[in-house]
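Residue-level listing of the chains:
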Amino acid sequence: MKAHSDEYWMRLALEEAEKAFQEDEVPVGAVIIKDEEVIARAHNLTESNKDGLAHAEKCAIDLAQKNVGKWLSGCTLYVTLEPCTMCAGAIVLSRMDRVVFGAYDEKNGACGSLYNILYDARLNHNPELKSGVMALECGAILKKFFQKKRTNKIGEVSELA
């Protein structure tokens, strides 16, 4: 069986990000694969669930653990935006083998931008990390979302811009 590329899986994560965009959520999507099969896919649900912890990665990890158990050894997480400190911690604690992300998050990123929790040798687990996969596409949907948020219904730029 031919292995799919990182770009193939990231496109699935982007589909999840598009769902979030349509639901007026910050458009971040995540997909977890094991043995070339999707075991979980999710997108941000912080607004819908009224839960500040309902990030795409955490939602996907929760689903994956229901499908395969507590430890996610042998799994790869594809996420459109660099994980934050909470999500990076969840990745380490679930023992994910590999993480691939798209756009960097200069304000909240904990996988290279502000911190690199995944590579902290003091922790009991350090997954492989690959960054910048389809970064332009992953960043574009976020830019589009926040531009839309800054523009009011009649097309004028709001005070938030």
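Right above here is the structure, for reference.
Predicted model, so just to flag it, every value in this text is computed and none were measured.

A. Molecular detail of the nonpolar core. Residues Met10, Ile32, Leu77, Met96 and Leu118 are the most contacted members of the largest nonpolar core, which totals 46 residues. Tallying contributions element by element places helix α1 (residues 6-22) first for this core, with seven residues. Contacts of Ile32, omitting those with residues within four sequence positions, involve Glu37, Val38, Ile39, Ala40, Ala60, Ile61, Ala64, Leu72, Cys75, Thr76, Leu77 and Met96.

B. Inspection of the packing of aromatic side chains at higher detail. Tallied over the entire structure, the rule returns five aromatic pairs. For the pair Phe21 and Phe145, a centre-to-centre distance of 5.9 Å together with 70 degrees between the ring planes defines the contact as edge-to-face. On the criterion of sequence distance, the pair formed by Phe21 in helix α1 and Phe145 in helix α4 (residues 135-150) is long-range, its members being 124 residues apart. The residues Phe21 and Phe145 share a single accessibility class, namely buried. Ring geometry for Phe101 and Tyr104: centres 5.1 Å apart, planes at 90 degrees, overall edge-to-face. Across from the ring centre of Trp71, 3.7 Å away, lies the NZ or CZ of Arg95, which sits over that ring. In this structure, Lys144 packs its charged tip against the face of Phe21, placed 4.9 Å from the ring centre.

C. Structural context of the side chain of Glu82. Relative to the assigned elements, Glu82 resides in the loop between β3 (75-81) and α3 (85-93). Although buried, Glu82 forms no salt bridge, and the nearest oppositely charged side chain, Lys107, lies 13 Å from it. There is a polar contact of 3.0 Å between the side chain of Glu82 and the backbone nitrogen of Asp105. Within polar-contact distance, the side chain of Glu82 engages the backbone nitrogen of Cys111 at 2.9 Å. Among all residues touching Glu82, those that are not within four sequence positions of it are Glu57, Phe101, Ala103, Tyr104, Asp105, Gly109, Ala110, Cys111, Gly112 and Ser113.

D. Seen up close, the packing of helix α2 (residues 56-68) against α3. In the contact formed by α2 and α3, the axes pass within 9 Å of each other and the chain directions differ by 25 degrees. For the element pair α2 / α3, the angle class is roughly parallel. α3 is crossed by α2, and the crossing has left-handed handedness. Together, Glu57, Lys58 and Ile61 of α2 and Met86, Cys87, Ala90 and Ile91 of α3 make up the contact between the two elements. In the contact of α2 with α3, the residues fall into five nonpolar, no polar and two charged.

E. Seen up close, the packing of α1 against α4. At a minimum axis distance of 10 Å, the contact between α1 and α4 shows a crossing angle of 5 degrees. Taken together, the axes of α1 and α4 are roughly parallel relative to one another. Every residue of α4 that contacts α1 at Met10, Leu14, Ala17, Glu18 and Phe21 is listed here: Glu137, Cys138, Ile141, Lys144, Phe145 and Lys148. Classifying every residue of the contact of α1 with α4 gives seven nonpolar, no polar and four charged.

F. Spatial organisation of the environment of Gly29. Relative to the elements of secondary structure, Gly29 occurs in strand β1 (residues 29-34). Assessed through its relative accessible area of 0%, Gly29 is described here as buried. Those residues in contact with Gly29 that sit more than four places away from it in its chain are Ala13, Glu16, Ala17, Ala42, His43, Ala56, Tyr78, Val79 and Thr80.

G. Here's a closer look at the pattern of salt bridges. Summed over all chains, the structure comprises nine salt bridges. A salt bridge links Glu128 to Arg98; the nearest nitrogen and oxygen atoms lie 3.1 Å apart. Here Glu128 is found in strand β5 (residues 128-130), whereas its partner Arg98 is found in strand β4 (residues 98-103), with 30 residues between them in sequence. When its relative accessible area of 45% is taken as the criterion, Glu128 is described as partly exposed.

Criteria and cut-off values
- Counting starts from 1 at the beginning of each chain's written sequence and moves along it residue by residue.
- Where totals are concerned, whole chains, interfaces and linings use all residues; where local detail is concerned, this predicted model gives features only for residues with pLDDT of at least 70, and gives and counts side-chain atom pairs only at 80 or more.
- For the side-chain quantities, the full set of heavy atoms in the structure was used; hydrogens and water were omitted.
- Remark: nonpolar core denotes a set of buried residues (Ala, Val, Leu, Ile, Met, Phe, Trp, Tyr, Cys) joined through side-chain atoms within 4.5 Å.
- Each residue gets one of three labels from its accessible area relative to the maximum for its type: buried under 20%, exposed over 50%, partly exposed in between, using a 1.4 Å probe on protein chains only.
- A run of H or I in DSSP becomes a helix once it reaches four residues, and a run of E becomes a strand once it reaches two; helices and strands are each numbered from the N terminus.
- The contact rule is simple, with two residues in contact once any of their heavy atoms fall within 4.5 Å.
- Aromatic pairs are defined between Phe, Tyr and Trp rings, using the six-membered ring for Trp, whenever the two ring centres lie within 6.5 Å; interplanar angles under 30 degrees are classed as stacked, those over 60 as edge-to-face, and all others as tilted.
- Charge-over-ring placement is defined geometrically: NZ (Lys) or CZ (Arg) within 6 Å of the ring centre, and within 35 degrees of the ring normal.
- Positive charge is attributed to Lys and Arg, negative charge to Asp and Glu, and no charge count is given to His or to the chain ends.
- Counted as salt bridges are all cases of a side-chain nitrogen of Lys or Arg within 4 Å of a carboxyl oxygen of Asp or Glu.
- Polar contact criterion, stated in full: a pair of N or O atoms within 3.5 Å, where within protein one must be able to donate a hydrogen and the other to accept it, and residues adjacent in sequence count only if both atoms are side-chain atoms.
- To get an axis, fit a line to the C-alpha atoms, keeping to the stretch in contact for a helix; angles then go from 0 to 180 degrees between the N-to-C directions.
- Convention used here: angles under 35 degrees read as roughly parallel, angles over 145 as roughly antiparallel, angles from 65 to 115 as roughly perpendicular, and any remaining angle as oblique.
- Helix crossings fall into two classes, left-handed where the near helix is turned counterclockwise from the far one by less than a right angle and right-handed where it is turned clockwise.
- When residue character is reported, Ala, Val, Leu, Ile, Met, Phe, Trp, Tyr, Cys and Pro are called nonpolar, Asp, Glu, Lys and Arg charged, and the others, Gly included, polar.

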